[in-house]
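Architecture at a glance
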Amino acid sequence: MTLKEIANVLNAKVVVDGFFDKKAVVTAVASDLMSDVLTLDEEPDILITGLTNLQSIRTAEFADIPIVVVARGKKLTPEFISLAKETELCLLTTDFSVFKSSGVLYKNGVKEIY
Amino acid sequence: MSGIKFEYKLEGGDFANAGKASSQIKKTLKQLNIASKTIKRVVVSLYEAEVNVVAHAYRGKIDVEITVEMIDIVIADEGPGIENIEQAMQPGFSTATAKVVSMGFGAGMGLPNMKKNTDFMNVESEVGVGTTVQLKVALVDKLVEN
Ligand SMILES: Nc1ncnc2c1ncn2[C@@H]1O[C@H](COP(=O)(O)OP(=O)(O)O)[C@@H](O)[C@H]1O
Ligand SMILES: [Mg+2]
């Protein structure tokens, strides 16, 4: 799937259209536990999370995850958005829950990394 | 051998600034054309260390030195210290507050993950005084101990 298709199936808003140089989105993880995301040896294309403090952007930055999807329609602070811009991440928001976002992406061929 | 040096300061409880040092180090290592997997090991470890100061200590200082051989990081804080370092290194051991958990940390995975991602890690601590963590990641095959 392309980033655009991801946004479509999640009914998501692209808040920051950052840097994503791969042809297609292939893998994702879903987590609110950033410490856990930081243990991954592989780099998924997407982090789906309900965590809206700066740590989720920082974690994606350091774990080399180019796309962050914030689920549950959570409001984002200007600081959150500007940090995503600064780090050149793609930032999407969806009203879908973490569970539903994961399910919809999985159904559309996005795979787990483990 | 002397290399490029960086210094950063951290304040306990200041979660908004946790990760700033790691972010700048990441940019620098990228400019130096260090392999991305190596950069990831460094910044993941440094970020967990930054979060530990913010989450568990009062204030801290980070010193980073980059040489051709390695990245050498010292994170020294003033704080409560760690009573039992061996226990703190165990995966899952945590004394984190609910606030820390709400930030996506506090699962007792930080120190073990720093250990996993570095070529050398040393933790020294004095209860009531503070904690010093040293991390080294080699940029060459054999890390020369100094
Ligand atoms: N800089 C520090 N100062 C005081 N205690 C610390 C420090 N770093 C770690 N600790 C102690 O070690 C425990 C484990 O740390 P860590 O593995 O990073 O997990 P977490 O931070 O998620 O609790 C912490 O809960 C805390 O009790
Ligand atoms: Mg920690």
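Scroll up a little and you will see the structure.
We now turn to the structure provided with this report. Everything numeric here is computed off the predicted structure, so don't read it as measured data.

Definitions and cut-offs
- Starting from 1, residues in each chain are numbered consecutively following that chain's sequence as written.
- The naming scheme follows written order: chains are lettered A onward, ligands numbered 1 onward.
- Thresholds applied to this predicted model are a pLDDT of at least 70 for local features of residues and 80 or more for the giving and counting of side-chain atom pairs; totals over whole chains, interfaces and linings are not thresholded and use all residues.
- Working from all heavy atoms in the structure, the side-chain values ignore hydrogens and water.
- Only one rule defines a salt bridge in this text: a Lys or Arg side-chain nitrogen within 4 Å of an Asp or Glu carboxyl oxygen.
- A helix here means a DSSP run of H or I that spans at least four residues, while a strand means a run of E at least two residues long, and both kinds are numbered starting from the N terminus.
- Throughout this description, buried means an accessible area under 20% of the type-specific maximum (1.4 Å probe, protein chains only), exposed means over 50%, and partly exposed covers the range between.
- When DSSP locates at least two bridges between a pair of strands, those strands are taken to pair.
- A clockwise course of the path from the first strand over the helix to the second, judged with the strands pointing away from the viewer, identifies a crossover as right-handed.

Applying the stated rule across the entire model yields 11 salt bridges over all chains. Measuring nitrogen to oxygen at the nearest pair gives 2.8 Å for the salt bridge that ties Asp64 of chain A to Lys26 of chain B. Here the residue Asp64 of chain A occupies a position in the loop between α3 (54–62) and β4 (67–70), and Lys26 of chain B occupies one in helix α1 (residues 20–31), the pair thus bridging two chains. Residue class for Asp64 of chain A comes out partly exposed when judged on its relative accessible area of 27%. Exposure remark for Lys26 of chain B: the relative accessible area of 10% places this residue in the buried category. Residue Lys61 of chain B is joined to Asp63 of chain B by a salt bridge in which the shortest nitrogen-to-oxygen separation is 2.7 Å.

Side-chain positions along a regular strand alternate between the two faces of the sheet. Residues and elements named next belong to chain A. Neither face of β4 is open: one carries Ile67 and Val69, the other Val68 and Val70, and all of them are buried. Sheet analysis places strand β3 (residues 46–49) next to β4, joined by four bridges and oriented parallel. By the bridge assignment, Thr49 is partnered in β4 with Val70. Note on the crossover from β3 through α3 to β4: the handedness is right-handed. Bridging between β4 and strand β5 (residues 90–93) involves four bridges; their strand directions are parallel. Of the residues in β5, the one forming a bridge with Ile67 is Cys90. For the crossover that starts at β4, traverses helix α4 (residues 78–86) and ends in the parallel β5, the hand is right-handed.

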